[in-house]
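Now for the letters of each chain:
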Amino acid sequence: NEIFNEGLVEIKVPKFEKVSSSAPVFYNPKMEFNRDISILALQTFQEEVDREINICDVFGGSGIRAIRYKKEISDVGNVAVNDISSLAIEQSLENSIANDVEIDIYQHEANILLRENRGIFDVLDIDPFGTTSYFVDSVGYSLKKDSLLCITATDTSALCGTYKEPCIRKYNAKPYKSEYCHENGIRILAGFVALTIAKYKKYIEDIKLSHSSEHYMRLYIKINKGSANTDESLANNIGYISHCKKCLYRSSIKVLANSIPENCPICGEKLINAGPLWIGYLQNADFINKMIQKIDEYNPDSHNNRLDENNNDISNNPNKKHVNTEKKVLKLLNTCLEEADAPITFYDIHLICRNLKISAPKLVDVMNMMKEEGFIATKTHFNPIGIKSDIDIVRLKEIVRYLSKNI
Ligand code: SAM
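Structural notes, computed from the coordinates.

The rules behind these values
- Residues numbered from 1 in each chain as written.
- Predicted model: local features only at pLDDT ≥ 70, side-chain atom pairs only at ≥ 80, totals over all residues.
- Heavy atoms only, no water.
- Helix = DSSP H or I, 4+ residues; strand = E, 2+ residues; numbered from the N terminus.
- Rg over C-alpha atoms; globule rule 2.2 N^0.38 Å.
- Buried < 20%, exposed > 50% of the residue type's maximum accessible area, 1.4 Å probe, protein only.
- Contact = heavy atoms within 4.5 Å.
- Areas by Shrake-Rupley, 256 points an atom, 1.4 Å probe, with all protein chains shown as cover.
- Lys, Arg positive; Asp, Glu negative; His and termini not counted.
- Charge placed at Lys NZ, Arg CZ, Asp CG, Glu CD.
- Core = buried A, V, L, I, M, F, W, Y, C linked by side-chain atoms within 4.5 Å.
- Near = heavy atom within 4 Å.
- Polar contact = N/O pair within 3.5 Å; in protein donor to acceptor, adjacent residues only side chain to side chain.
- Nonpolar A, V, L, I, M, F, W, Y, C, P; charged D, E, K, R; others polar.
- Expected span 1.5 Å × (residues − 1).
- Arc of directions from axis to C-beta.
- Salt bridge = Lys/Arg side-chain N within 4 Å of Asp/Glu carboxyl O.

1. Things to note about the overall build of the protein
So, point 1. A tally of helices and strands in the protein yields 14 helices and 15 strands.
So, point 2. Against the compact-globule benchmark of 22 Å for 407 residues, the protein has a radius of gyration of 22 Å, which places it among compact chains.
So, point 3. Here the protein holds 407 residues, and the buried ones make up 57% of them.
So, point 4. Contacts in the protein between residues at least 24 apart in sequence constitute 67% of all its contacts with a sequence separation of at least 6.
So, point 5. Counting every atom, the protein has about 17,700 Å² of accessible surface; 47% of that belongs to carbon and sulfur.
So, point 6. Computed over 50 positive and 55 negative side-chain charges, the inter-centroid distance for the protein is 8 Å.

2. Concerning the nonpolar core
Buried together is how nonpolar side chains tend to be arranged in soluble globular proteins.
So, point 1. Core analysis: the biggest nonpolar cluster contains 53 residues, and Val58, Leu124, Leu149 and Val193 have the highest contact counts within it.
So, point 2. Here this core gets nine residues from one element, more than from any other, and that element is helix 8 (residues 181-197).
So, point 3. Other than its neighbours up to four places away in sequence, Leu124 contacts Cys56, Val58, Leu114, Val139, Ser142, Leu143, Leu148, Leu149 and Cys150.
So, point 4. Core analysis: the next-biggest nonpolar cluster, separate from the first, contains 47 residues, Val25, Phe45, Leu148 and Ile288 among them.

3. Thoughts on the site of the ligand
So, point 1. Inspection of the region around the ligand gives 19 residues, with Phe59, Asp83, Glu109, Ala110 and Asp127 positioned closest.
So, point 2. At 3.0 Å from an oxygen atom of the ligand is found a side-chain nitrogen or oxygen belonging to Arg35.
So, point 3. Alone, the ligand offers 600 Å² of accessible surface; in the complex the protein occludes 89% of this.
So, point 4. The residue makeup of the shell around the ligand, split by class, is eight nonpolar, five polar and six charged.

4. Overview of helix 10 (residues 285-297)
So, point 1. Counted at 1.5 Å a residue, the expected span for helix 10 with its 13 residues is 18 Å, and the 19 Å between its end C-alpha atoms agrees.
So, point 2. Residues Phe287, Ile288, Met291, Ile292, Lys294 and Ile295 constitute the buried set of helix 10. In an axial view of helix 10, the angular spread of the buried residues amounts to 155°, which keeps them on one side of the axis. Counted as exposed and oriented over 90 degrees from the buried face of helix 10: Gln293 and Asp296.
So, point 3. Buried residues along helix 10 sit against helix 1 (32-49), strand 8 (202-213) and helix 11 (326-339).
So, point 4. Its side-chain oxygen placed 3.1 Å from the backbone nitrogen of Asp286, Asn284 serves as the N-cap of helix 10.

5. Here we look at helix 14 (residues 393-405)
So, point 1. With 13 residues, helix 14 ought to run about 18 Å at 1.5 Å a step, and its terminal C-alpha atoms sit 18 Å apart, in line with that.
So, point 2. If you check which residues of helix 14 are buried, you get Ile393, Leu396, Lys397, Ile399, Val400, Leu403 and Ser404. Each buried residue of helix 14 sits inside an arc of 160° when the element is viewed along its axis, so together they form one side.

6. A word on the pattern of salt bridges
So, point 1. This model, assessed by the stated rule, comprises 29 salt bridges.
So, point 2. Here Arg115 and Asp137 are joined by a salt bridge, their closest N and O atoms 2.8 Å apart. Note that Arg115 is positioned in helix 4 (residues 110-116) and Asp137 in helix 5 (residues 136-142), a separation of 22 residues in sequence.
So, point 3. On the basis of relative accessibility, which here comes to 25%, the residue Asp137 falls in the partly exposed class.
So, point 4. Across the pair Lys144 and Asp122 runs a salt bridge, and its minimum N-O distance is 3.2 Å. Of this pair, Lys144 sits in the loop between helix 5 and strand 7 (147-153) while Asp122 is found in the loop between helix 4 and strand 6 (123-126), placing the two residues 22 residues apart along the sequence.
So, point 5. Residue Lys144 is classed as partly exposed on the basis of its relative accessible area of 25%.
So, point 6. Look at the salt bridges and you will find they share partners, linking Arg51, Asp122, Lys144, Asp146, Glu205 and Lys222 into a network.

The structure is reproduced here in C-alpha cells:
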C-alpha cells in the first residue's frame, strides 16, 4: 500500500505504477487541487443555503473526496461514497475508519444509485473516468431542488472539438476547435446538462464556478426546479456561437428565439456554428469572492508549522483545516473572478496578428488601449494570453495594427 496525506486526512491505496483507470483503486494525487477547490465551494454553498447538506461522491475511488468532505466541511449531514468496484469500496471503508469518519458506502452502478436515491442529496459529485454524458440523465432525475451539482469531464478532446463526431454523439452538440475551444467545451457540457435535466423540470439557476485545468473541466452548478423557470432558463441561456475563421468575428445567439446566421456580417465568409451550448454566465463573482475569503479560515500556513492567533501550535488540531494548494487555488479563483462578468469567448492577440500578418504588440498595451476606449478587457483562466472583451473584431484589429506599427 501507499500512503497519501491531503487536507485533514491520510489515505491508503494499493500501490500503483501510474495514475490510470487500470490502477486497482483510483487515486490521483494531482487532483488535490481540484478537491481543495471543491471543499471551498461546498462550504460556500452550505453557508449560502444555510442548512445541513447531504453529499454523495457517486464515483468514489479511494474514498478520499467523501472522507475529506465529511471531515473538512462544517454542517454536513450524511456523506455517501459509491463505486462500482469492490476493491474501491473496501478501501473507502478502511480509509474512513482510519480517519475516524462515518460515511455511507454503496456499491452500485452510478445510474442505479442515482435512480434509487432520488431527492436525497444536496450535493452530487460526478467524477467518472472520461465522459460524464452517460450519467447526466440520471443526475437530472435524482437532483433535488436548491442543490449543487459538481461535475468533472475528462473527455476534453471531444468537448474542445479535436474530434467532432464523439462530441456530437455524447453531448449532442457541434464543437469547434477555435482559440477559445476550452471555453466552448465547458459551454457544451453546461448546455448538455441544462437540456438533459430540463425534462425533469430542473434548471441551471447559476453556474457558481467553472474551470478548465490540466486534463479536465469542472463545473459547480446550482440547480433548481420549476417548469416556468426551466423554460425561461433555456430561452435565455441556450444558443450557438457563430465564428468566422477568415476574419475571426464571433457572436452568440439565443437559439430558441432566433435563427442561426449563415454568413459573417464583416467579411461575408460562411460562419461556423458551434452548439447548442450554454451562452449564459460561467462564473458567479459573489460566490467566488466568498470562496477566496474562505481560504483564510482554511489556514494559509504550511502543514507542519501552523500557529493560531495566540501563537499556539495547532498542527495536530483536527478541527483546523488545510488548503495545501492555496497559491494555485487563489490564482485560479482570482482569474475566474476577474472574468466573471465578461462577455462570451475571448481574443488571442497572437492569432489576430497572424491573421493580419503583422508582429504582435504587448498584451498589456492592447488591454490598456481597449480600456481607454471604454471597452472591457480582462484576462481569462482559459488562456494566459487570451483577452475577454466586448470590443468587436474590427475595432480590435485597428488597435492591434496601430500598436504594432509603433513597436
Ligand atoms: N472521485 C474520486 C477522487 O476524487 O479521488 C475519483 C474517481 S475515479 C476518476 C472514477 C471511479 O469511478 C473509479 O473508482 C471507478 O471504479 C468508478 N466507476 C467507473 N464507472 C462507474 C460506474 N458506472 N458506476 C460507479 N462507479 C464507476
